[in-house]
Amino acid sequence: MPPPLTSLQLRRLLHRCLSSPSPLKPHFTPTHFSRLPFLLSKPLSTQTPDSIAQSLSSELLEDPNSDPLAITQRLQLHFSHIKPTPLLISQTLNISPEAGRTVLGFNDWVLSDPDFKHTDETLSFFVDYFGRRKDFKAAHDLLVSNKSVAGPKTLESSIDRLVRAGRSTQVLGFFERMEKDYGFKRDKDSLRLIVEKLCEKGYASYAEKMVKDSANEIFPDEMICDLLIKGWCVDGKIDEARRLAGEMYRGGFEIGTMAYNAMLDCVCKLCREKDPFRLHSEAEKVLLDMDYYGVPRNVETFNVLMNNLCKIRKTEDALKLFYRMGEWGCYPDAESHLILIRSLYQAARVGEGDEMIDRMKSSGFGDQLDVKEYYGFLKILCGIERVEHAMTVFKKMKADGCKLGIKTYDLLMGKWCAHNRLDRANALYNEALKNGVPVEPKPYKVDPRYMKKTKAVKKEKKRETLPEKMARKRRCLKQIRLSFVKKSQRTRRYA
């Protein structure tokens, strides 16, 4: 009996069979290819990046104890015919969240291809992956070994993941050594990027410290100062934002509309939490400051005001502001319409909400009405028990060509079942199956308010027969007669 074929011989033999057709068919048993279901399932010409990514992901997620070969060797053995591309790398990493540091072997396999070299984009995919897992040691090693290709995308991924993980102190250290350790440029663009990421999450104190410490090397511009004010407002510290604004004016800087919009939003949020009746007066102070310093209002200014007014149920005031925007040379955008549509539906002014949807479409913002926005409208209408009108909006959603999903059908089916309208719920279920939406039936609870109450059946009074009637009369007369009988002295004493 000949010795079994080694993995290298199998690999060469498979390449020969796939590349050059031969009339002689090699006699292989299925066990020779038990590890290669992907190669034999589809021809190479019909394989899509999604299917290749799925196969790579299954290999990365395989238990390392089940195969003595390292992940890099397994990938070289099973996927030697695959050419890595940025799309394939991105898809594989996105569907392999539990692979962990096995991805380092995947990176080695990618680099083993002679025609592939890391770019700023592909390196950012790996950094972003390890950042999601908070494995910043692996991300650091990857950056150090590829510092020649690291660029703006990789820098953004690194900073974004550090900030989102709450490592604001590490961000400051990263900025200090980024040029020496990773090859990133320490310039105004990189400083602006780091300040923006920190301020988005409310780490304004760290961002301000970093800007002041590096002011001798990189002098901040007005955009960076506006971002710092916005960061203090995100953190809810309006006094610090005003302090910084005063320092900017004394230093000769001009505050932009973005900073004032952030201050306006912060003031409105604080008033909503503490005293909603002061919202108008406090917002008016910020608007007066804008007029005093000559800062023009834009549509975002009005959106901030309308959004906060709607959250304290001042829909009518928000509508008046919507129609007065033209006085300041501003015109509503998609967000302006969406804010009012949601508020009108919440206030049960469903007719006006429908009119605002039509107005939004006629203004050229119909493409902004996607599945997410329509689903938000349906949730509001179902929440205020306007299920019939929710079905009207559902029809508009289908007419606009939105791709309906499981969540939309499940929401409406659950609401109809709560209203004890199983016929409407079944109709939606059949429609979902017809459209290819994999909705699974599950038990829904019927609202007690809509349950059919069973009426108590009154017992009909049975008609007495003559003997029963005479017996009742005799009992009644006997009681009356006994009531006039004189009681004995002994009975009265005990009574």
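Preceding this section is the structure that the text describes.
So, here's what we can say about the structure. (Residues numbered from 1 in each chain as written. Predicted model: local features only at pLDDT ≥ 70, side-chain atom pairs only at ≥ 80, totals over all residues. Heavy atoms only, no water.)

Within this structure, the stated rule accounts for 40 salt bridges. In this structure, Glu156 and Lys197 form a salt bridge, with 3.6 Å as the shortest nitrogen-oxygen distance. In this pair, Glu156 sits in helix α9 (residues 152-164) while Lys197 sits in helix α11 (residues 188-200), placing the two residues 41 residues apart along the sequence. The buried category is assigned to Lys197, whose relative accessible area is 11%. A cluster of three or more residues bridged by salt bridges with shared partners is formed by Glu208, Lys212, Glu240, Arg243 and Glu247. (Salt bridge = Lys/Arg side-chain N within 4 Å of Asp/Glu carboxyl O. Helix = DSSP H or I, 4+ residues; strand = E, 2+ residues; numbered from the N terminus. Buried < 20%, exposed > 50% of the residue type's maximum accessible area, 1.4 Å probe, protein only.)

Let us look at the nonpolar core. Ranked by size, the top nonpolar core spans 128 residues in total, and within it Phe106, Val195 and Ile229 carry the most contacts. Looking at this core, the element that brings in the most residues is helix α15 (residues 257-274), giving nine residues. Non-local contacts of Val195, meaning those with residues more than four positions away in its chain, are made with Ala207, Met210, Val211, Ile224, Leu227 and Leu228. (Core = buried A, V, L, I, M, F, W, Y, C linked by side-chain atoms within 4.5 Å. Contact = heavy atoms within 4.5 Å.)

With that settled, consider the environment of Lys398. Turning to its location among the elements, Lys398 is positioned in helix α22 (residues 387-399). Note on Lys398: relative accessible area 34%, which makes it partly exposed. For the pair Lys398 and Val371, spaced 27 residues apart in sequence, the C-alpha separation works out to 9.7 Å. Not counting residues up to four positions away in its chain, the partners in contact with Lys398 are Leu404 and Glu431.

The next thing to look at is helix α12 (residues 204-213). Looking only at α12, the buried set comprises Ala204, Ala207, Glu208, Met210 and Val211. Looking straight down α12, one finds its buried side chains confined to an arc of 160 degrees; they lie on one side. α12 presents Lys212 and Asp213 as exposed residues on the side facing more than 90 degrees away from its buried surface. Against the buried residues of α12 lie α10 (168-182), α11, α13 (222-234) and α14 (238-250). (Arc of directions from axis to C-beta.)

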